[in-house]
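Here is what each chain is made of, one letter per residue.
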Amino acid sequence: MVTLEKMAHLAEESRFDSLGLAAGVDERKLIALGKGTSHDVCASTYSPRDTPLPGICHAFTQDGRCVSLFKTLFTNRCSHQCSYCTNASSCSSKPQAFSYTPEELARITLTLYRGNYIEGLFLSSGAGRDEDRIMEKIVETARLLRSKHSFSGYIHLKVLPGASQAHIQEAMLLADRVSINLEAPSASRLGDICSTKSYESDIVQRQRYISRFMHDLRAEAGGRSRVLPAGQTTQLVVGAAGESDEEIFQSVLYEYREIGVKRAYYSAFSPQQKTSFECRPAQPLWREHRLYQMDWLYRVYHFHESEIRQAFSDSGFLANADPKMAIAREHLDQPVDPNAASYQELLRVPGIGPKSAERIIAYRKRQPLAAKSQLAAMGVRIKRAAPFLKINGWRDTTLLMWQA
Amino acid sequence: MKIPGDFLFYLSMHRECNERLLVRAKEIPENDLEVSLDRDDIRIKKMVRDVLGEVHRMRAFVRLSTCCDLVLFGYLKPRHRIAEYICDHLARRNAGIIVVLGNGSESWACLCRGSRVWRDHGSGLNQTLERLKAALPDDAVACKPGPDPETLWQAYYDSQYCPERKNLLAYHKNMPRRDQEAAGLRLVQNKKNVTLDDFFVSSLSSAGEHNES
């Protein structure tokens, strides 16, 4: 323990030039450019760096979503004609145009970071008149933060469709994560919602480039490279072009396998006033939720593609019910014995997740499981799991058994 | 929530932790606590999770204001003995700046420089800040004018809300009033959009929290 006076003396010794707080920020600009990213779903701040940055939510909005980053557009001027977007050049009533300067944006980020309001910056943007010029400013903002202000927080940069390879490369060297929004599951679907973007050359080709560059750098450094520690991600607008869930699943599979994205995010389409899609029906939020569950089954539970397909209806849509339960009904003919089942078999039982499956395996090494209450204490959701389990030779009676 | 290997450290910060419990906890092998169904072990596990949960939320919810270039301060009145740990975390995040957390009756100060850490524990937050101001040279205490970060934050926070996704139950679950109060957070709910529903959901969630405690 030291006295406060000594601490004050030590702090004074190490005094450095003050960063200076963000001064004279136009509140209307902050709101307009912040609003531009309110449909960007990624709020992850986890980054496995030298000192891993933990995932943390500094606040939640009234819709229950995490606010962990200062998510903003660099500018809301845009030359693209996305039919669902209020910043599109085709929108009949565009909001007032605003732009930040890199220095201004860096200072706002630092002010909020220092006050412990945010964990870092999520920087997206409209394409302006020239996407390369805007991309240059985005990179400049990140460079200012990292080099001039020694910012060690999290940075997620959006790569604008059609951005040059040189800018993408610079962005990758500065950010924890980069992403390009896929928006639609195929070229034809993207054509329905945006006539100015090319699915293959503006988006997928850029994703492949990020993937290749990351691979090359990691190979050069023998796996020790810290470039882009949180990888690349993508996001789709669900239901804007009338696509089915199965089409989305198919494109996401390609993204995971061929591009190597860390995660795909889904944002249910919601019509915005004065846009071309104003009259199209909003997609239910449960659709987004079911797609996340399906995504989780593939990415975390490692379900096989053919198993997941069982959850889709003939028309290719997911029902508003847990896809894992639908898959279990199709696949689990015999009840699973938690004392004998493998990790993968346990994971296929509704109500058992990776953690509870691990706990079951660890527990049964010492003594066999004898009652449902023991499973409940390990985090298993018994109501969901019981119809698929057989403990000590006993299983729950189900309606199907009565019918038989 | 997975029980970490150093769970004894977190257990010791629980407000109800005592010598007997620590001795009992030391006997439990690291991996066993996760799967043990023993009554004492389940209680220890719950206590560790309570502390981990509060640590996580206080790291997120405590807001720091600028006293001068060299001092950041914030309000904190946690249920468990985690204040020093939170103060350390925030001081590491703001190296070279003294971070003071506290409330009306006690305060914790921490300074990180390089790999070294200095700490102090004293009386109320205001007294500590006064003592620090007195110890610092006048030019260091003079604060440069700038906008209140809270104003910046509130404008940005309001812009992130999508009314079509309104889900007050999730909001109250993720931002319990009890933890907001512990971190001295002004309720960040967007007041322009408050409806009668908000009042009912908020009262329900408060009743739930009281029942839990």
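These figures come from a predicted structure and were not determined experimentally. Per-chain numbering applies: the sequence of each chain, read as written, is numbered from 1 onward. Chain letters start at A and ligand numbers start at 1, both assigned in the order the entries are written. A pLDDT threshold of at least 70 governs which residues receive local features in this predicted model, and a stricter bar of 80 or more applies before side-chain atom pairs are shown or counted, although totals over entire chains, interfaces and linings include all residues. The side-chain values count all of the structure's non-hydrogen atoms but skip hydrogen atoms and water molecules.

1. What about the overall build of chain A?
Stated precisely, the cut-off is as follows: Secondary structure elements follow DSSP: runs of H or I of four or more residues count as helices, runs of E of two or more count as strands, with numbering from the N terminus. We call two residues in contact whenever any of their non-hydrogen atoms come within 4.5 Å of each other. Shrake-Rupley sampling with a 1.4 Å probe provides the accessible areas, and residues are treated as covered by the protein chains on show and by no other component. Only four residue types enter the tally: Lys and Arg on the positive side, Asp and Glu on the negative side; His and the chain ends are excluded. Think of each charge as sitting on NZ of Lys, CZ of Arg, CG of Asp or CD of Glu.
Per the secondary structure count, chain A includes 16 helices and 10 strands. When its C-alpha atoms are laid out on the principal axes, chain A stretches across 75 × 65 × 45 Å. Restricting the contact set of chain A to residue pairs at least 6 apart, pairs at least 24 apart contribute 67%. When the accessible surface of chain A is summed, it comes to about 17600 Å², and 51% of that surface belongs to carbon and sulfur atoms. The average position of the 51 basic charges and that of the 44 acidic charges among the side chains of chain A differ by 4 Å.

2. Quick notes on the interface of chain B and chain A
Using the following cut-off: Two parts lose some accessible area (1.4 Å probe) when they are put together, and adding that loss for both gives the buried area. A side-chain nitrogen of Lys or Arg and a carboxyl oxygen of Asp or Glu constitute a salt bridge if their distance falls within 4 Å. Side-chain classes are defined by residue name, with Ala, Val, Leu, Ile, Met, Phe, Trp, Tyr, Cys and Pro counting as nonpolar, Asp, Glu, Lys and Arg as charged, and the others, Gly among them, as polar.
On the side of chain A, 67 residues touch chain B, which itself brings 69 residues to the contact. Around 6300 Å² of area is buried between chain B and chain A when both sides are counted, 60% of it from carbon and sulfur atoms. Inspection of the region where chain B meets chain A yields five salt bridges. In terms of residues, the side of chain B that touches chain A owes the most to one element, helix 8 (residues 149–159) of chain B, which gives nine residues. Residue classes in the side of chain B that touches chain A are distributed as 35 nonpolar, 14 polar and 20 charged.

3. Quick word on the nonpolar core
To be explicit about the condition: Take the buried Ala, Val, Leu, Ile, Met, Phe, Trp, Tyr and Cys residues and link them wherever side-chain atoms come within 4.5 Å; each set so joined is a nonpolar core. The buried label goes to any residue with under 20% of its type's maximum accessible area, the exposed label to any with over 50%, and the partly exposed label to all in between, with areas taken from a 1.4 Å probe on protein chains only.
With 164 residues, the main nonpolar core has A:Phe70 and A:Tyr266 as its most contacted residues. Top contributing element to this core by residue count: helix 4 (residues 39–61) of chain B, with nine residues. Those residues in contact with A:Phe70 that lie beyond four places of it in its chain are A:Leu30, A:Tyr100, A:Leu105, A:Ile108, A:Thr109, A:Leu112, A:Ile118, A:Gly120, A:Leu121, A:Phe122 and B:Tyr156. If you look at the next biggest cluster of nonpolar residues, it comprises 19 residues, including A:Ala11, B:Ile98, B:Leu111 and B:Ala140.

4. Brief notes about the packing of aromatic side chains
Put simply, the rule reads: Think of it this way: a Phe, Tyr or Trp ring, Trp meaning its six-membered ring, pairs with another when their centres are within 6.5 Å, and the plane angle makes it stacked under 30 degrees, edge-to-face over 60, tilted otherwise. Lysine and arginine charges are scored as sitting over a ring when NZ or CZ, respectively, is within 6 Å of the ring centre and within 35 degrees of the ring normal.
All told, the structure shown has 14 aromatic pairs over all chains when counted by the stated rule. With centroids separated by 6.0 Å and ring planes inclined at 55°, the aromatic side chains of B:Trp153 and B:Tyr156 adopt a geometry described as tilted. Here B:Tyr156 and B:Trp153 lie together in helix 8, a separation of three residues that amounts to about one turn. Here the two residues B:Trp153 and B:Tyr156 agree in accessibility, since each one is buried. Measuring from ring centre to ring centre gives 5.6 Å for B:Trp153 and B:Tyr157, while their planes differ by 35°; the resulting arrangement is tilted. One end of the pair is B:Trp153 and the other is B:Tyr157, both in helix 8 and four residues apart, which spans about a single turn. Note on accessibility: B:Trp153 and B:Tyr157 belong to one class, buried. Grouping aromatic residues by their ring pairs yields a cluster made of A:Phe70, A:Tyr117, B:Trp153, B:Tyr156 and B:Tyr157. Over the ring of A:Phe277 we find A:Arg280, and its NZ or CZ is 3.8 Å from the ring centre.

5. Some remarks on the sheet that holds strand 1 (residues 65–68) of chain B
Residues and elements named next belong to chain B. Heads up, the rule is: DSSP bridges decide pairing: two strands pair if at least two such bridges lie between them. Axis lines are fitted to C-alpha atoms, over the contacting stretch for helices. Their N-to-C directions set the angle, which ranges from 0 to 180 degrees.
A sheet is described by the order of its strands in space; here five strands give the open sequence 1-2-3-4-5, paired in mixed fashion. The two strands at the open ends of the sheet, each matched to only one other strand, are strand 1 and strand 5 (116–122). The mean angle between the axes of side-by-side strands here comes to 25°, regardless of whether they run parallel or antiparallel. Relative to strand 2 (residues 71–75), strand 1 runs antiparallel, the two being bridged by three bridges. The residue of strand 2 that forms the bridge with Cys68 is Val71.

6. Remarks on the state of the cysteines
All names here are of chain A. Heads up, the condition is: Working definition: a disulfide is two cysteine sulfur atoms within 2.5 Å of each other.
With the rule as written, the count across this model stands at one disulfide over all chains. The disulfide that involves Cys57 links it to Cys66, with 2.2 Å between the sulfurs. On the sign convention where negative is left-handed, the bridge of Cys57 and Cys66, at about -110° about the S-S bond, is left-handed. Cys82 supplies the cysteine sulfur nearest to Cys78, a cysteine that is in no disulfide, at a spacing of 6.3 Å. Owing to a relative accessible area of 19%, Cys78 belongs among the buried residues under this scheme.

7. Topic: the pairing of strand 7 (residues 232–238) of chain A
All names here are of chain A. For clarity, the cut-off: Crossovers are marked right-handed if the path from the first strand over the helix to the second runs clockwise, as seen with the strands pointing away from the viewer.
The element strand 7 is extensively covered by neighbouring structure, given that seven of its seven residues are classed as buried. Here strand 7 shows two buried faces, one formed by Gln232, Thr234, Leu236 and Val238 and the other by Thr233, Gln235 and Val237. Pairing geometry for strand 6 (residues 177–179) and strand 7, over two bridges, is parallel. From the neighbouring strand, Val178 faces strand 7, where its bridge partner is Gln232. Two elements, strand 7 and strand 8 (residues 263–268), share six bridges in a ladder whose sense is parallel. Of the residues in strand 8, the one forming a bridge with Thr234 is Ala264. Considered for its hand, the β-α-β crossover made up of strand 7, helix 8 (residues 245–259) and strand 8 is right-handed.

8. Quick look at the packing of helix 2 (residues 19–26) of chain B against helix 4 of chain B
Residue and element names in this part refer to chain B. Here is the rule we go by: Working definition: roughly parallel below 35 degrees, roughly antiparallel above 145 degrees, roughly perpendicular at 65 to 115 degrees, and oblique for all remaining angles.
Following both chains from N to C, one finds helix 2 and helix 4 inclined at 105°, their axes separated by 11 Å at the closest point. Between helix 2 and helix 4, the angle is such that the two are roughly perpendicular. Contacts from Arg20, Leu21, Arg24 and Ala25 of helix 2 reach helix 4 at Asp40, Asp41, Arg43, Ile44 and Met47. Class assignment of the residues belonging to the contact of helix 2 with helix 4 gives a composition of four nonpolar, no polar and five charged.

9. Focus: the sheet that holds strand 6 of chain A
Residues and elements named next belong to chain A. Strand order in the open sheet formed by six strands is 3-4-5-6-7-8, and the pairing between neighbours is parallel. The open sheet is flanked by strand 3 (69–73) and strand 8, the only strands paired with a single partner. Adjacent strand axes in the sheet meet at a mean angle of 20°, parallel and antiparallel pairs treated alike. Seen against the sheet, helix 8 touches strand 7 and strand 8 and runs at an angle of roughly 170° to strand 7.

10. A closer look at the pattern of salt bridges
All names here are of chain B. Per the counting criterion, the structure on display carries 35 salt bridges over all chains. Two residues, Arg57 and Asp179, come together in a salt bridge whose shortest N-O distance is 2.4 Å. Of this pair, Arg57 sits in helix 4 while Asp179 sits in helix 10 (residues 177–182); the two residues are 122 residues apart in sequence, bridging distant segments of the chain. Look at Arg57 and you get partly exposed, because its relative accessible area is 24%. Bridged by salt links that share partners, the residues Arg24, Glu27, Asp38, Asp40 and Asp41 form one connected network.

11. Re helix 8 of chain B
Counting buried positions over the 11 residues of helix 8 of chain B gives nine, a clear majority of the element. Buried within helix 8 of chain B we find B:Pro149, B:Glu150, B:Leu152, B:Trp153, B:Ala155, B:Tyr156, B:Tyr157, B:Asp158 and B:Ser159. Elements in contact with the buried residues of helix 8 of chain B: helix 2 (27–35), strand 1 (59–60), strand 2 (66–67), strand 3 and helix 3 (102–114) of chain A together with helix 9 (168–174) of chain B.

12. Describing the confidence of the model for chain B
Quick reminder of the rule: pLDDT measures how confident the predictor is about each residue, on a scale from 0 to 100.
Looking at chain B as a whole, its pLDDT mean stands at 85, while 84% of the residues score no less than 70. Among the prediction metrics, the complex's ipTM stands at 0.88, with pTM recorded as 0.90.

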